[in-house]
Amino acid sequence: MLVLGIETSCDETAAAIVEDGRKIHSNIVASQLRLHKKFGGVVPELASRAHLRAIPLILKEAYQVAKASPEDIGAIAVTNGPGLIGSLLVGVSTAKALSYVHNLPLIGINHLEGHIYSNFLTRVVHPPFLSLIVSGGHTSLVLVKDYGKYELLGATRDDAAGEAYDKVGKLLGLGYPGGPAIDRLAQKGDSRKIKFPRPYLPHSFDFSFSGLKTAVLYYLKRQAVDDKGGPLNRDSGSIPPPTSLPVTDIAASFQAAVVDVLVKKSLKAVNKTKVKKLVVGGGVTANTTLRRRLKEEAAEAGIRVYIPPRYLSTDNAAMIASAGYYRFQQGCRSDSLTLNAVADLKLS
Amino acid sequence: MVKLETQSPAETKALGRKIARNLKSGDIIALIGELGAGKTCLAQGLALGLGVSPKDYVASPSFVLVKEYGGRTPLYHIDLFRINSTEELESLGWEEYLYGEGVCIIEWAERAGKLMPSEYLRIELEILGSRRRRIRLKAFGRHYQAVLRKLR
């Protein structure tokens, strides 16, 4: 069965057509950054209006690439939370209209659930397993007991891991987003040069990366004073990197702290729940060091680790279509007239 | 204007809790300060004071731009860190949050420029030491002057 997936929870407008939850026929993502360029910079990047303009084009492309038409589709799956309400509503309203017009079953999907299912598109993995979802907006450990059965074990109490990357990137003057830039620099640096704190929160599976970001800030300030450099540039929010230490070492040391916490806590959760399998998802799983360390340390501990390919780790609609297929199989249906977007939708 | 110092993140949070006691639906709080100054920490205190359950983690909304919570009034936790222009802000549905049925807490509020309403409570945080913060509260409008008076 073909499922049409639609995802508009944050920056990306995406549509995909996936067969039986596993085989991608099309997977179209309009990074709104590119869209921004296409429209000559007129369309704001972060807006529901951009989704509104993009969604007809993206849908058309998803059908074309899949060589499919609405008659071939068996169900429609759409992200209905969590996310930005105005953005979510574009996807949800589109999906409801299509469901009504073509008389197709509709399934509302939690965005985090989608990230878990991004792994199902390239490999065979069956629950139960432990899932780490790590992105700009989320850092969560979820026990997946069965298809569609979740227990949230922990989440970030302040900054998500991806957000810590972006903010440290900003402090180092690397621009937005900071993740890929820090990852590149870190490959050339010495991760043992600076001892940044590892916020483990020992009696909990929660995360906290806000203090780590602030530790980098204090470090840069101290170095700026030691260098007798100029005053901090408050307007840009960045601090000139210290001359005494290469920025590559700062990037590597920061990255090591984030990765240490993510890997250690995930493996601990796998051991505690005795599921032996770790399935990761979210934009930060594109990070080179995180991928390597997860593979190495999971292998040592006898745990199988599943990491989605990079093009499926960031927001996309194929993962929503996949999650939708499994929900459909369980008999889940949303009402095509009343399904609503929920900004703070909980995983259940 | 009220000027004070907090000695720890816990004290900053407690201050937020205290301020929130006198807030009502429709109120707007602008939080200003550099990365790491404690804006989200203060927002967490405000949320607790507004009756948001401690089980709902009030995490930073920098990436998602807006997070919504249910307390004794709805709470819109807005973050303009990623906003580059006021046009972007307008298309975000900014006014619907601002003039909606809840309390708005806005981090990086200085980025809203002319789009800030005329009446709001401005809270500026400054780093003095690794845990110490200077906090300046300034009321724009009568209602917020009353909120500050009750704080003293």
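In case you missed it, the structure is sitting above this.
Because the structure is a prediction, the values reported are computed rather than measured.

Basis of the calculations
- Residues numbered from 1 in each chain as written.
- Chains lettered and ligands numbered in written order.
- Predicted model: local features only at pLDDT ≥ 70, side-chain atom pairs only at ≥ 80, totals over all residues.
- Heavy atoms only, no water.
- Helix = DSSP H or I, 4+ residues; strand = E, 2+ residues; numbered from the N terminus.
- Rg over C-alpha atoms; globule rule 2.2 N^0.38 Å.
- Buried < 20%, exposed > 50% of the residue type's maximum accessible area, 1.4 Å probe, protein only.
- Patch = residues over 30% accessible without salt bridge, like charges linked within 9 Å, V, L, I, M, F, W, Y side chains within 5 Å.
- Areas by Shrake-Rupley, 256 points an atom, 1.4 Å probe, with all protein chains shown as cover.
- Salt bridge = Lys/Arg side-chain N within 4 Å of Asp/Glu carboxyl O.
- Lys, Arg positive; Asp, Glu negative; His and termini not counted.
- Charge placed at Lys NZ, Arg CZ, Asp CG, Glu CD.
- Phe/Tyr/Trp six-rings, centres within 6.5 Å; stacked < 30°, edge-to-face > 60°.
- Expected span 1.5 Å × (residues − 1).
- Contact = heavy atoms within 4.5 Å.
- Polar contact = N/O pair within 3.5 Å; in protein donor to acceptor, adjacent residues only side chain to side chain.

1. Let's talk about the overall build of chain B
Then, in step 1: Within chain B, the secondary structure is distributed over five helices and seven strands.
Then, in step 2: Going from N to C terminus, chain B has its helices and strands arranged as β-α-β-α-β-β-α-α-β-β-β-α.
Then, in step 3: Against the 2.2 N^0.38 benchmark of 15 Å for 152 residues, chain B shows a C-alpha radius of gyration of 14 Å, consistent with a compact globule.
Then, in step 4: Along the longest, intermediate and shortest principal axes, the C-alpha atoms of chain B span 40 × 35 × 30 Å.
Then, in step 5: A buried classification covers 58% of the 152 residues belonging to chain B.

2. Comments concerning a negative patch on the surface
All names here are of chain B.
Then, in step 1: A cluster of acidic residues, E87, E90, E95 and E96, forms a negative patch on the protein surface.
Then, in step 2: Listed by contribution, the elements that provide at least two residues to the negative patch are α3 (86-91) and α4 (94-98).
Then, in step 3: Relative to the elements of secondary structure, E96 occurs in helix α4.
Then, in step 4: Taking the relative accessible area as the measure of exposure, E96 reaches 66% and is therefore exposed.

3. Observations regarding the packing of aromatic side chains
Then, in step 1: Tallied over the entire structure, the rule returns 13 aromatic pairs over all chains.
Then, in step 2: Between F207 of chain A and F209 of chain A, the ring centres sit 6.1 Å apart and the planes meet at 15°, which makes this aromatic pair stacked. The burial state of F207 of chain A is the same as that of F209 of chain A; both residues are buried.
Then, in step 3: Here Y120 of chain B and F140 of chain B contribute two aromatic rings whose centre-to-centre distance is 4.8 Å and whose plane-to-plane angle is 20°, an arrangement assigned as stacked.

4. Quick look at helix α9 (residues 288-300) of chain A
Residue and element names in this part refer to chain A.
Then, in step 1: Between the first and last C-alpha of α9 there are 19 Å, a value that for 13 residues agrees with the 18 Å anticipated at 1.5 Å per step.
Then, in step 2: Turning to α9, its buried residues are T289, L290, R291, R293, L294, E297 and A298.
Then, in step 3: Of the surrounding elements, those touching the buried residues of α9 are β6 (129-134), α6 (179-186), α8 (247-273), β9 (277-281), β10 (304-306) and α10 (310-313).
Then, in step 4: Measuring from the backbone nitrogen of T289 back to the side-chain oxygen at the start of α9 gives 3.1 Å, which picks out N287 as the cap.

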